[in-house]
Amino acid sequence: MSQSPAAPPQNPMRAALAALVGTSIEWYDFYAFATAAAIVFDDVFFPADMPPALRTLSAFGTFAVGFLLRPLGGIVFGHIGDRVGRKKTLVITLLMMGVASFAIGLLPTYAQVGVLAPILLIVLRLVQGIAIGGEWGGAVLVAVENAPKGRATFFGSFAQLGSSVGALLSTGAFSLMNLFGDEAFDSWGWRVPFLASAVLVVIGLVIRLKLEEAPVMEEIRAQNTADTKLPLVEVLQTSWRTVLVGVFALATATGGYYVVTSYLLAYGTGELELSESMLLNGLSLAAFLELVVTPGLSWLGDRIGAHKVVVAGLVGVIVLSVPQFLALGTGSVVLIYLSMLAMRLVMSALYGPIAAILAEGFEPRVRYTGISLSYQICNMIFGGFAPLAAVSLTALAGGHYWPAAALLMAISAVGIFCTLRLRRLGTPEADTSAPRSVKETASAV
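These numbers come from a predicted model, not from an experiment.

Peer 1: Can you walk me through the overall build of the chain in this structure?
Peer 2: Looking only at helices and strands, one finds 22 helices and zero strands in the chain. Here the C-alpha radius of gyration of the chain, 21 Å, is about what a compact globule of 445 residues would show, namely 22 Å. The dimensions of the chain, computed from C-alpha atoms along their principal axes, are 70 × 45 × 35 Å. Scored against the burial criterion, the 445 residues of the chain give a buried share of 58%. Pairs at least 24 apart in sequence give 85% of the contacts found in the chain among residues at least 6 apart. A total accessible area of about 16300 Å² is found for the chain, and carbon and sulfur atoms account for 70% of it. Seen as two clouds, the 26 positive and the 27 negative side-chain charges of the chain have centres 10 Å apart.

Written out as structure tokens, the structure reads:
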């Protein structure tokens, strides 16, 4: 079948920045929920006479349900993205996330409407889950598929930077509202970060509507016929091993991240009675560090191999798991901040390059569906339930941190094996280069 010449690619940096802005806004909304679940939702959306530990578990439960529908979002929007185009899916997911987040800021409390309050919160959280489930894969591919050859890890990291930017904006917003005092924060201050997302969504839409599809998407459309298999069917038939290994390779980048952020915040303010604002400020510093170092670590991945950088990061997580909580137990602001910064540094090494590693494992015509399945199934299993498991294990251990540290070490050890396995599943020619065409992709992947 003859192919028409590919359209000229858009500016790689413009595409990467568009991916960064959009994912930053979506992750801001997502992390705002995670932060609020750790410090305020237990008091706002659940009865005051419920035992504190059960209220904390319930609050994290609402956080966890958002992960249940993320694979569905990945399947639905992955199909649209592989068949119609990346751009349209990214506009839809951004709108869904923004509307849901704004509505959370308007929800009545348990004291006002009783059990209806947590029910409404869960419904909106499920909408968030579907939206973020379809967001990540498209944002990654906009950056990776428009990158110059041999630079996919670096440019793909811009979509990953949205996580640290979103976390920085979220914890920064909550830290700012904390300045008004506990009473004001609990009554109305926590709502402001959710309501403010409306402004950010408008900015993101303006940028995303100007996006152009990568040349590889034009060729995929030309090749699709009535006999072409559904992307989900083809992925499950030809690449199910890559999907499965990708799930466990991502476990620390997703579930481990929430253990050292949301769970750490709940553990520090609950079991150790540390200052809420102090921990929020520390997490903000850590998010800023991640923002600064991720591009450099991803650049290094293009030079020495993205798999090597990810494995080094996972080893770092194993080494720092216990010291992270030991530092928290000292109550020393300096030690706590240093441990947060060290942990976020090594996590940046495994999160930034993973986009290009996953993208090179799937054929272009099913790439959106394939990487979305791996990432969102992982988030459903590890992202939603890792902090919940850490809270439960801490309660069973009488308030000790060691089960959470052991959980981090275990999933990181599995992650090392699966990251190396991902490399073996690829062809010898794979070089994390960004394909300009379907033909070039076939040789690169």
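Peer 1: Explain the packing of aromatic side chains to me, please; I cannot follow it from the model alone.
Peer 2: Centre-to-centre distance and the angle between the planes together describe a pair of aromatic rings. Under the criterion given, the structure shown has 22 aromatic pairs. Relative to Tyr 401, the ring of Phe 325 has its centre 5.7 Å away and its plane inclined at 10 degrees; by these criteria the two rings are stacked. Of the two residues, Phe 325 is situated in helix H17 (residues 306–330) and Tyr 401 in the loop between helix H20 (367–396) and helix H21 (402–425); the sequence distance between them amounts to 76 residues. Tyr 401 gets classed as partly exposed once you look at its relative accessible area, which sits at 21%. Members of the aromatic cluster, connected to one another through ring pairs, are Phe 33, Phe 41, Phe 45, Phe 174, Phe 185, Trp 190 and Phe 194. When the ring centre of Phe 33 is taken as reference, the NZ or CZ atom of Arg 125 above it lies at 4.3 Å.

Peer 1: Can you help me understand the state of the cysteines in this one?
Peer 2: Chemically, a disulfide is nothing more than a covalent bond linking the sulfur atoms of two cysteines. In the structure shown here, the tally under the stated rule is zero disulfides. Left unpaired, Cys 378 is separated from the closest cysteine sulfur, that of Cys 418, by 10.0 Å.

Peer 1: Please clarify how unusual backbone geometry should be interpreted in this entry.
Peer 2: Working note: non-glycine residues mostly have negative phi, and peptide bonds are mostly trans. Phi at Glu 273 is positive, roughly 55 degrees, even though this residue is not glycine. Inspection of the secondary structure assignment puts Glu 273 in the loop between helix H15 (251–270) and helix H16 (276–304).

Peer 1: Hey, could you run me through the environment of Leu 211 in this one?
Peer 2: Along the polypeptide, Leu 211 turns up in the loop between helix H11 (197–208) and helix H12 (215–223). Here the alpha-carbon distance between Leu 211 and Asp 182, two residues 29 residues apart in the chain, equals 43 Å.

Peer 1: Could you clarify how one ought to interpret a nonpolar patch on the surface in this entry?
Peer 2: There is a patch of nonpolar side chains on the surface, built from Val 113, Val 115, Leu 116, Ile 119, Leu 120 and Val 123 and spanning about 460 Å² of accessible area. With four residues, the single largest contributor to the nonpolar patch is helix H7 (residues 116–144). Mapping Val 123 onto the fold places it in helix H7.

Peer 1: For this particular structure, what's the right way to read the confidence of the model for the chain?
Peer 2: Detailed reading of predicted coordinates is not advised where the pLDDT is low. For the chain, the average pLDDT comes to 83, and 91% of its residues sit at 70 or higher. Within the model, the stretch residues 1–8 combines pLDDT values under 50 with eight contacts to residues more than four positions away or in other chains. The low-confidence segment residues 427–445, where pLDDT is below 50, has 54 contacts with residues more than four positions distant or belonging to other chains.

Peer 1: Just to check I follow, could you spell out the packing of helix H1 (residues 12–39) against helix H8 (residues 152–178) for this structure?
Peer 2: Helices that pack against each other are described as a pair by the angle of their axes relative to one another and the distance between those axes. For the pair H1 and H8, the least separation of the axes is 6 Å and the interaxial angle reads 35 degrees. For H1 against H8, the interelement crossing comes out right-handed. Considering only residue class, the contact of H1 with H8 consists of 21 nonpolar, eight polar and no charged.

Peer 1: Looking at this structure, I do not really get H16. What am I missing?
Peer 2: A turn of α-helix holds 3.6 residues, and therefore any two residues three or four places apart point the same way. Between its first and last C-alpha atoms H16 spans 40 Å; for 29 residues at 1.5 Å apiece the expected length is 42 Å, and the two agree. Just downstream of H16 lies Gly 305, where phi reads positive at about 115 degrees.

Peer 1: Any chance you could explain the environment of Ala 386 here in plain terms?
Peer 2: With respect to the helices, strands and loops of the structure, Ala 386 is situated in helix H20. Given a relative accessible area of 7%, Ala 386 falls into the buried group. Sequence separation between Ala 386 and Ala 251 is 135 residues; the distance between their C-alpha atoms is 9.3 Å. Residues contacting Ala 386, with those up to four places away along its chain left out, are Gly 255, Val 259, Ile 381 and Leu 407.

Peer 1: Explanation requested: the nonpolar core in the structure shown.
Peer 2: Nonpolar side chains tend to gather and get buried jointly when the protein is soluble and globular. Phe 41, Phe 45, Phe 174, Trp 190 and Phe 194 are the most contacted members of the largest nonpolar core, which totals 114 residues. Looking at this core, the element that brings in the most residues is H1, giving 13 residues.

Peer 1: Honestly, the pattern of salt bridges in this entry has me stumped. Any pointers?
Peer 2: Side chains that differ in sign of charge can pair as their charged atoms come close. Within this structure, the stated rule accounts for seven salt bridges. Here Arg 367 ties to Glu 145 by a salt bridge, and the two come within 3.1 Å at their closest N and O atoms. Taken together, the positions of Arg 367 in helix H20 and Glu 145 in the loop between H7 and H8 put the pair 222 residues apart, joining distant regions of the chain. Relative accessible area serves as the criterion here: at 1%, Glu 145 is assigned to the buried category. Taken together, the salt bridges that share partners define one network made up of Asp 82, Arg 86, Glu 145 and Arg 367.

Peer 1: How do you make sense of the side chain of Asp 82 when you look at a structure like this?
Peer 2: With respect to the helices, strands and loops of the structure, Asp 82 is situated in helix H4 (residues 70–83). Looking at Asp 82, its side chain comes within polar contact range of the side chain of Arg 86, at 3.1 Å. Looking at Asp 82, its side chain comes within polar contact range of the main-chain nitrogen of Tyr 368, at 3.1 Å.

Peer 1: Sorry, what's going on with the environment of Gly 399 here?
Peer 2: With respect to the helices and strands, the residue Gly 399 is situated in the loop between H20 and H21. Here Gly 399 falls in the buried class, since its relative accessible area comes to 13%. Separated by 132 residues in the primary sequence, Gly 399 and Tyr 267 place their C-alpha atoms 8.5 Å from one another.

Here is what the cut-offs are and how they apply
- Residues numbered from 1 in each chain as written.
- Predicted model: local features only at pLDDT ≥ 70, side-chain atom pairs only at ≥ 80, totals over all residues.
- Heavy atoms only, no water.
- Helix = DSSP H or I, 4+ residues; strand = E, 2+ residues; numbered from the N terminus.
- Rg over C-alpha atoms; globule rule 2.2 N^0.38 Å.
- Buried < 20%, exposed > 50% of the residue type's maximum accessible area, 1.4 Å probe, protein only.
- Contact = heavy atoms within 4.5 Å.
- Areas by Shrake-Rupley, 256 points an atom, 1.4 Å probe, with all protein chains shown as cover.
- Lys, Arg positive; Asp, Glu negative; His and termini not counted.
- Charge placed at Lys NZ, Arg CZ, Asp CG, Glu CD.
- Phe/Tyr/Trp six-rings, centres within 6.5 Å; stacked < 30°, edge-to-face > 60°.
- Lys NZ or Arg CZ within 6 Å of the ring centre and 35° of its normal.
- Disulfide = S-S within 2.5 Å.
- Patch = residues over 30% accessible without salt bridge, like charges linked within 9 Å, V, L, I, M, F, W, Y side chains within 5 Å.
- Salt bridge = Lys/Arg side-chain N within 4 Å of Asp/Glu carboxyl O.
- pLDDT = per-residue confidence, 0-100.
- Axes fitted to C-alpha atoms, helices over the stretch in contact; angles between N-to-C directions.
- Left-handed = near helix turned anticlockwise from the far one by under 90°.
- Nonpolar A, V, L, I, M, F, W, Y, C, P; charged D, E, K, R; others polar.
- Expected span 1.5 Å × (residues − 1).
- Core = buried A, V, L, I, M, F, W, Y, C linked by side-chain atoms within 4.5 Å.
- Polar contact = N/O pair within 3.5 Å; in protein donor to acceptor, adjacent residues only side chain to side chain.

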